[in-house]
Amino acid sequence: MAKTIIVTGGAGFIGSNFVFLMLKEHSDYRIICLDKLTYAGNLSTLEPVMNNPNFRFVKADICDREAVYKLFEEEKPDIVVNFAAESHVDRSIEDPGIFLQTNIMGTATLMDACRKYGIERYHQVSTDEVYGDLPLDRPDLFFTEETPIHTSSPYSSSKAAADLLVLAYHRTYGLPVTISRCSNNYGPYHFPEKLIPLMIANALADKPLPVYGEGLNVRDWLYVEDHCKAIDLIIHNGRVGEVYNIGGHNEKTNIYIVKKILELLDKPESLITYVTDRKGHDLRYAIDPTKIHNELGWLPETMFDDGIVKTVQWYLDNKDWWENIISGEYQDYYERMYGDR
Ligand code: NAD
Ligand code: DAU
């Protein structure tokens, strides 16, 4: 049956990939993207679907109750998928305030609208960072949905607070919610402040590649389309009130990733520069995806060796997209973050 879905944060990295997937897989659905267009949101990303009659873009802040309620009144959504967030750990260490505002208060505002207007499903896009980190010398340990919340950064704390609020709205008000906690994504439209696109952009410009600490921290990388497909399954078939971890057992050290990018671009390893470590830097993330596999049949489809080649090629083919981003205020951020690191 045709549905109307509000996708918040749909002008960002994962949200835009989700919008594309939904319009492709559910051609009778109406997809409404609500996005504030912060530094991380880019309307040009949505250019290919702007004229699709099943798509509507609305510029608004998820914390703006009046604007959010107005949109719910107009569109009467069946499902809300909340991607909107401040998402970069380093920025949260520099200035936590906006993370608390958007990630916690924004989530509450969206759920209040869901309560007021009625909803079939509210889905919260969360992160594996709510579980904190795992030691490097215990490869047998993984995050399950039962792993205690134990956060490290203002970013992950704000995401964890939002998750607790979502579960509280389910228990207290009976709001039909689901939560997904995914590992690190990579792929097209990834904002160049994050590890993989930053290293690609710097390598192409023959600039130093700033690796934090010794580069031995481990992340569990998943191709973005696989994350989006998992969310599609959860909003349609997932059990209300449940949390689902998403990840594909693809753990890599940061230095492995950086060297792989240099190899693919045929650039020298002498570009690698070790810089001061991130404060409170999480050591290792690793997801146990047994629950989503057993309940919903989800498995990742793109293996890392293919995904990273496709991603590097995408950045080579879409220089306009990211060169435009890094030419503006991003330069001030880069100088603040890496200038005398
Ligand atoms: P992103 O930073 O690329 O995009 C965030 C989007 O949200 C942008 O379009 C921005 O304009 C919008 N936004 C920010 N504040 C807003 C507000 N107040 N109102 C409306 N829109 C607002 O982020 P991403 O990497 O695509 O992450 C999306 C979600 O997925 C986040 O909730 C993040 O916590 C979660 N997540 C990300 C990853 C990852 O590896 N990137 C992994 C797991 C979970
Ligand atoms: O695990 C999911 C999370 O993944 C999401 O919730 C976050 O929104 C997303 O940003 C990401 O967080 P990370 O902190 O893991 O991603 P980031 O790309 O910032 O860094 C990945 C690793 O690379 C981390 O160990 C820090 C390191 N790093 C990062 C940058 C930007 C570097 O060594 N140098 C860098 O310049």
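So, here's what we can say about the structure.

Criteria and thresholds
- Residues numbered from 1 in each chain as written.
- Chains lettered and ligands numbered in written order.
- Predicted model: local features only at pLDDT ≥ 70, side-chain atom pairs only at ≥ 80, totals over all residues.
- Heavy atoms only, no water.
- Helix = DSSP H or I, 4+ residues; strand = E, 2+ residues; numbered from the N terminus.
- Rg over C-alpha atoms; globule rule 2.2 N^0.38 Å.
- Buried < 20%, exposed > 50% of the residue type's maximum accessible area, 1.4 Å probe, protein only.
- Contact = heavy atoms within 4.5 Å.
- Axes fitted to C-alpha atoms, helices over the stretch in contact; angles between N-to-C directions.
- Left-handed = near helix turned anticlockwise from the far one by under 90°.
- Nonpolar A, V, L, I, M, F, W, Y, C, P; charged D, E, K, R; others polar.
- Near = heavy atom within 4 Å.
- Polar contact = N/O pair within 3.5 Å; in protein donor to acceptor, adjacent residues only side chain to side chain.
- Areas by Shrake-Rupley, 256 points an atom, 1.4 Å probe, with all protein chains shown as cover.
- Pairing = 2+ DSSP bridges.
- Phe/Tyr/Trp six-rings, centres within 6.5 Å; stacked < 30°, edge-to-face > 60°.
- Lys NZ or Arg CZ within 6 Å of the ring centre and 35° of its normal.

Another aspect to go through is the overall build of the protein chain. Helix and strand content of the protein chain: twelve helices and 13 strands. Over its C-alpha trace the protein chain gives a radius of gyration of 19 Å, about what one expects of a compact globule, namely 20 Å for 341 residues. On the principal axes, the C-alpha backbone points of the protein chain span a range of 55 × 45 × 35 Å. A total of 341 residues make up the protein chain; the buried ones form 57% of that total. Of all intrachain contacts in the protein chain linking residues separated by at least 6 positions in sequence, the fraction that spans at least 24 positions is 83%.

Axis angle and axis distance: for two packed helices, these are the angle between their axes and the distance between the axes, and together they describe the pair. Where helix H2 (residues 65-75) contacts helix H4 (residues 97-117), the two axes come as close as 10 Å, and the packing angle between them is 40 degrees. Crossing of H2 against H4: the hand is right-handed. When H2 is examined against H4, the residues Arg65, Val68, Tyr69, Phe72 and Glu73 are found in contact with a partner set consisting of Thr109, Leu110, Asp112, Ala113, Cys114, Lys116 and Tyr117. Here the residues of the contact of H2 with H4 sort into seven nonpolar, one polar and four charged.

Contacts to ligand 1 come from 28 residues, most closely from Ile14, Asp35, Ser87, Tyr155 and Lys159. Here aspartate 35 contributes a side-chain N or O atom positioned 2.6 Å from an oxygen atom of ligand 1. Here serine 87 contributes a side-chain N or O atom positioned 2.7 Å from an oxygen atom of ligand 1. In the complex, 97% of the free accessible area of ligand 1, which totals 840 Å², lies under the protein chains. Residue assignment for the shell around ligand 1 shows that the elements contributing at least two residues are helix H1 (13-25), strand E5 (121-127) and helix H5 (154-173). Top contributing element to the shell around ligand 1 by residue count: E5, with three residues. Residue composition of the shell around ligand 1, grouped by class: 13 nonpolar, eleven polar and four charged.

With that out of the way, let us pick up the side chain of aspartate 226. Mapping aspartate 226 onto the fold places it in helix H7 (residues 224-237). Each residue touching aspartate 226, except ones within four places of it in the same chain, is listed here: Trp298, Leu299, Pro300, Glu301 and Thr302.

Now for the sheet that holds strand E4 (residues 79-82). With respect to topology, seven strands assemble into an open sheet ordered E3-E2-E1-E4-E5-E6-E11, the strand pairing being parallel. The outermost strands of the open sheet, each flanked by one partner alone, are strand E3 (55-59) and strand E11 (243-246). Adjacent strand axes in the sheet meet at a mean angle of 20 degrees, parallel and antiparallel pairs treated alike. Set on the sheet, H7 makes contact with strand E1 (4-8), E4, E5, strand E6 (177-182) and E11; between it and E5 the angle comes to about 145 degrees.

This brings us to the environment of asparagine 245. Along the chain, the position of asparagine 245 falls in strand E11. Among the residues examined, asparagine 245 registers a relative accessible area of 0% and is labelled buried. In contact with asparagine 245, other than residues within four places in its own chain, are Tyr131, Phe143, Thr144, Glu145, Arg181, Ile287, Asp288, Pro289 and Ile292. In this structure the side chain of asparagine 245 is engaged in a polar contact, spanning 2.8 Å, whose partner is the side chain of tyrosine 131. Of the polar contacts made by the side chain of asparagine 245, one reaches the backbone oxygen of phenylalanine 143; its length is 3.1 Å.

For the rest of this paragraph, the subject is the site of ligand 2. Lining the immediate surroundings of ligand 2 are 25 residues, of which Asp128, Tyr155, Arg278, His281 and Tyr338 lie closest. Note that an oxygen atom of ligand 2 is positioned 2.8 Å from one of the backbone N or O atoms of leucine 195. The contact in question runs from an oxygen atom of ligand 2 to an N or O atom on the side chain of arginine 219, over 2.7 Å. Elements with a contribution of two residues or more to the shell around ligand 2: helix H6 (195-204) and strand E8 (209-212).

Here the focus is the environment of lysine 279. Locating lysine 279 in the fold gives a position in the loop between strand E13 (272-275) and helix H9 (290-296). Counting along the chain gives 261 residues from lysine 279 to phenylalanine 18, while the straight-line C-alpha distance between them is 32 Å.

Let us now look at the packing of aromatic side chains. If you walk through the whole model with that rule in mind, you get 21 aromatic pairs. Ring geometry for phenylalanine 143 versus tyrosine 285: centroids 6.4 Å apart, planes at 45 degrees, classification tilted. Within this pair, whereas phenylalanine 143 is found in the loop between E5 and H5, its partner tyrosine 285 is found in the loop between E13 and H9, the two being separated by 142 residues in sequence. Taken as a pair, phenylalanine 143 and tyrosine 285 share a single burial class, namely buried. Between the aromatic rings of tyrosine 186 and tyrosine 223, the centroid separation amounts to 5.5 Å while the plane-to-plane angle is 70 degrees, which identifies the pairing as edge-to-face. With tyrosine 186 in strand E7 (residues 185-186) and tyrosine 223 in strand E10 (residues 222-223), this residue pair connects regions lying 37 residues apart in the sequence. With relative accessibility at 1%, the residue tyrosine 186 sits in the buried group. Among the residues examined, tyrosine 223 registers a relative accessible area of 8% and is labelled buried. Chaining the aromatic ring pairs together yields one cluster made of Tyr39, Phe191, Tyr212, Tyr330, Tyr333, Tyr334 and Tyr338. Over the face of the ring belonging to tyrosine 39 we find arginine 91, whose NZ or CZ atom lies 3.6 Å from the ring centre.

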